[in-house]
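Close look at the chain arrangement
Chain by chain, the residues run as shown.
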Amino acid sequence: MSSQFYITTAIDYANGSPHLGHAYEKVLSDVIARHRRMEGRRVHFLTGLDEHGQKVQQTAQKRGVGPQALVDEIAAVFQGMLRDLRISHDDYIRTTEPRHKQVVQRFLQQLFDKGLIFKATKAGWYSVRQEQFLSDKDRAEDGSWPEIYGEVTQTTEENYYFKLSQFQAWLIEHIRAHPDFITPRFRQNQVLEFLKEPMNDLCISRPKSRLTWGIELPFDPAFVTYVWFDALTNYYSAVEGKGLWPADVHVIGKDILSPPHAVYWPCMLKALGIDPPRQLLVHGWWTINNQKASKSSGNALDTLGFAATHGADAFRYYLCREMVVGQDADFSAATFENRYKADLGNNLGNLVNRLLNMVGRSYAGKVPAAAADEELEQNLRGLWAESARKYQEAFREYQVSHALESLWVFISAMNAYIEARAPWKLAKSADPADRARLDSCLAHVAEGLRLAGTLLLPVMPETCGKLLTHIGRPVPDRFADQLAWSWAGTGSQVAEKCILFPPIEPPTAPAKA
Ligand code: MSP
């Protein structure tokens, strides 16, 4: 396995404000990137902004600003979101940057020179919103155009086409031969289903009479590049010459799997003689209170606000825990607060407080040595080994919610262990065997918390850093041997107290008139 790991997210449309869908994808990718870094991989994590196209041009016109000024403004807002969510990307690509434009133009020229791009005239129905021609297959059952296409008009146009159809047989074979290419697996079947129909060639240009905000075709200045051809190229243009290609994983939402990422992108690369990316990790869609999250009308619930009020880490945890990667999930204040209180406050946070209290009271803040070793202790250590193994196994498939679920089995077991040991009783006993049990109990909880806090660093970097520091242990930047049970923490000095997850304030009652 190469030590290098190149991960990307979709680049967001510079056409509005960041929303939950954007936030989730960046958090999921960030958790993967941080986890891989801790495994010792040399990670390159790319995200960015998709800045060309009709929608940007229209929004700029509507707002009475130039398109570049608009995307500059929007880029700042999106980058602000990344900061707020503690996203640790190594690079941010904007498709208006020269480094990107240059590669798009070279790709186009190469395909043109190879005879893989041709000019043709087409008449038909055109969706302004989706920036694509439609066929009768796209109509709803009653013959109308589905809402996702927005305004649909009849248009005749001369354009340039990429000979996509030429790569259909290769693509089917490639997908079959690489069953991990599209993850989770059930998504692969949808793509193969799509590929049963003969593919059309792909229109890769827009006449400047209709759209000027794009990358000019190098062989015909009367046209700009179709946004998807432009946008997909970001994954390559951002790392050209850095020896990072092929990407290990492109993290994307289910709506942009097929055809853009599963069909256009691998075929474009194949035509250029470049290897396809290794994997597409396809996540589902969030709804908010069971409504579409990205509805332009905006949802009443300010989901990103939860990161501000409850901390970025709690928000990251919630997103990772609540959505099974690949499936859809619903965001609501009730499920958020429930996870915050139950998983984080009462389970993990409480455990830290119990430890600090007892070590403070009975051992002047110094973690005792594990003196007694009975079945309860052996079981707890066994459970750690099992939880950690299951965590890593789930993580291998990027099933982060399942990974967290396994870890919480261990965290709950630590609370149950304390209940069973009842250290507050042991502390009162004059029996030396009880003192030995008390020593062991606190030593085990301290070590268990170190282990859990270490494994969780990629999900809640700041909180787990705080946890580890407060129990008197270093914050590692590699897992290495840090996930094995050890007594190296004996004698370490714990803090007096540590509030990882402050209780949620009850909503203030409206002032009485
Ligand atoms: N600009 C294109 C992607 C080009 S990639 C070469 C795009 N942008 S987007 O802003 O509409 O979406 C960005 C990402 O956010 C996509 O992966 C999309 O699936 C994801 N999400 C947008 N809304 C979402 C939800 N409601 N839930 C989860 N993810 C969603 O598509």
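Residues numbered from 1 in each chain as written. Predicted model: local features only at pLDDT ≥ 70, side-chain atom pairs only at ≥ 80, totals over all residues. Heavy atoms only, no water.

**Re the overall build of the protein**
- For the protein, the count of helices and strands is 17 helices and 17 strands.
- The dimensions of the protein, computed from C-alpha atoms along their principal axes, are 95 × 65 × 45 Å.
- When contacts within the protein are restricted to residue pairs at least 6 apart in sequence, those whose partners lie at least 24 apart make up 76%.
- Accessible surface for the protein amounts to roughly 22200 Å². Of this, 50% is attributable to carbon and sulfur atoms.
- Charged side chains of the protein number 57 positive and 59 negative; the gap between the two group centres comes to 2 Å. (Helix = DSSP H or I, 4+ residues; strand = E, 2+ residues; numbered from the N terminus. Contact = heavy atoms within 4.5 Å. Areas by Shrake-Rupley, 256 points an atom, 1.4 Å probe, with all protein chains shown as cover. Lys, Arg positive; Asp, Glu negative; His and termini not counted. Charge placed at Lys NZ, Arg CZ, Asp CG, Glu CD.)

**Focus on the side chain of asparagine 347**
- Within the secondary structure, asparagine 347 sits in helix 12 (residues 333–363).
- The exposure class assigned to asparagine 347 is buried, which follows from its relative accessible area of 12%.
- Separated by 3.0 Å, the side chains of asparagine 347 and serine 412 make a polar contact.
- Looking at asparagine 347, its side chain comes within polar contact range of the side chain of asparagine 415, at 2.7 Å.
- Contacts of asparagine 347, omitting those with residues within four sequence positions, involve Ala342, Trp408, Ile411, Ser412 and Asn415. (Buried < 20%, exposed > 50% of the residue type's maximum accessible area, 1.4 Å probe, protein only. Polar contact = N/O pair within 3.5 Å; in protein donor to acceptor, adjacent residues only side chain to side chain.)

**Quick word on the pairing of strand 13 (residues 249–253)**
- Taking burial as the measure, the 5 residues of strand 13 include 5 buried ones, the bulk of the element.
- Burial along strand 13 is two-sided: the face carrying Val249, Val251 and Gly253 and the face carrying His250 and Ile252 are both buried.
- As defined by bridge partners, strand 13 adjoins strand 14 (residues 280–283) across 4 bridges and the pair is classed as parallel. Looking at strand 14, one finds that histidine 250 is bridged to leucine 280. (Pairing = 2+ DSSP bridges.)

**Description of the layout of surface pockets**
- Its boundaries defined by the atoms lining it, the second largest pocket holds a volume of some 620 Å³.
- Along its surface, the second largest pocket is lined by 24 residues, and Arg36, Asp180, Gln279, Arg396 and Tyr398 are the ones closest to its centre.
- When residues of the lining of the second largest pocket are traced back to their parent elements, those giving at least two are strand 1 (4–9), strand 8 (182–183) and helix 13 (375–396).
- For the lining of the second largest pocket, the element with the highest residue contribution is helix 13, accounting for 3 residues.
- Residues belonging to the lining of the second largest pocket are distributed by class as follows: 9 nonpolar, 6 polar and 9 charged. (1 Å grid on protein atoms, 1.4 Å probe; cavity = no way out; pocket = protein on both sides within 12 Å on 5 of 7 lines; lining within 4 Å. Points joined across faces, edges and corners; volume = space filled by probe spheres on them. Nonpolar A, V, L, I, M, F, W, Y, C, P; charged D, E, K, R; others polar.)

**Some thoughts on the site of the ligand**
- The environment of the ligand is formed by 25 residues, the closest being Ile11, His22, Glu25, Asp50 and Asp255.
- Note that an oxygen atom of the ligand is positioned 3.0 Å from one of the backbone N or O atoms of tyrosine 13.
- Burial of the ligand by the protein amounts to 96% of the accessible area it has alone, namely 650 Å². (Near = heavy atom within 4 Å.)

**Details of helix 1 (residues 20–38)**
- Along its 19 residues, helix 1 runs 27 Å from first to last C-alpha, staying within 8% of the 27 Å computed at 1.5 Å per residue.
- Burial runs high along helix 1: 18 of the 19 residues are buried.
- Immediately downstream of helix 1, the backbone of glycine 40 shows phi near 95 degrees, a positive value. (Expected span 1.5 Å × (residues − 1).)

**Notes on the pattern of salt bridges**
- Evaluation of the coordinates by the stated rule reveals 35 salt bridges.
- In this structure, arginine 34 engages aspartate 30 in a salt bridge whose closest nitrogen and oxygen atoms are separated by 2.8 Å. Here the residue arginine 34 and the residue aspartate 30 both occupy positions in helix 1, the gap between them amounting to 4 residues, near one helical turn.
- We classify aspartate 30 as buried; its relative accessible area is 0%.
- Members of the salt-bridge network, linked through shared partners, are Glu374, Glu377, Arg421, Asp434 and Arg437. (Salt bridge = Lys/Arg side-chain N within 4 Å of Asp/Glu carboxyl O.)

**Remarks on the packing of aromatic side chains**
- Counted by the stated rule, this structure contains 29 aromatic pairs.
- Centre to centre, the rings of tyrosine 24 and tryptophan 286 are 5.7 Å apart; their planes meet at 70 degrees, and the pair counts as edge-to-face. Of this pair, tyrosine 24 sits in helix 1 while tryptophan 286 sits in strand 15 (residues 286–288), and the two are 262 residues apart along the sequence. Of the two residues examined, tyrosine 24 and tryptophan 286, each falls in the buried class.
- Geometrically, the ring pair formed by phenylalanine 107 and tyrosine 236 is tilted, given 5.4 Å between the ring centres and 45 degrees between the ring planes. Residue phenylalanine 107 is found in helix 4 (residues 98–113), and its partner tyrosine 236 is found in helix 8 (residues 234–237); the two are separated by 129 residues along the sequence.
- The exposure class assigned to phenylalanine 107 is buried, which follows from its relative accessible area of 0%.
- Put simply, the rings of Tyr24, Trp286, Phe306, Phe315, Tyr318, Phe331, Phe336, Tyr340 and Phe501 pair up and form one aromatic cluster.
- The ring of tyrosine 13 is capped by lysine 55, whose NZ or CZ atom sits 4.6 Å from the centre of that ring.
- Across the ring face of tyrosine 126, the terminal group of arginine 210 is positioned such that the distance to the ring centre comes to 4.1 Å. (Phe/Tyr/Trp six-rings, centres within 6.5 Å; stacked < 30°, edge-to-face > 60°. Lys NZ or Arg CZ within 6 Å of the ring centre and 35° of its normal.)

**Quick word on the nonpolar core**
- Of all hydrophobic cores here, the largest spans 104 residues; its most connected members are Trp286, Phe315, Phe331, Leu407, Trp408, Leu449 and Met460.
- With 59 residues, the next largest nonpolar core counts Ala10, Leu195, Ile204 and Ala247 among its residues. (Core = buried A, V, L, I, M, F, W, Y, C linked by side-chain atoms within 4.5 Å.)

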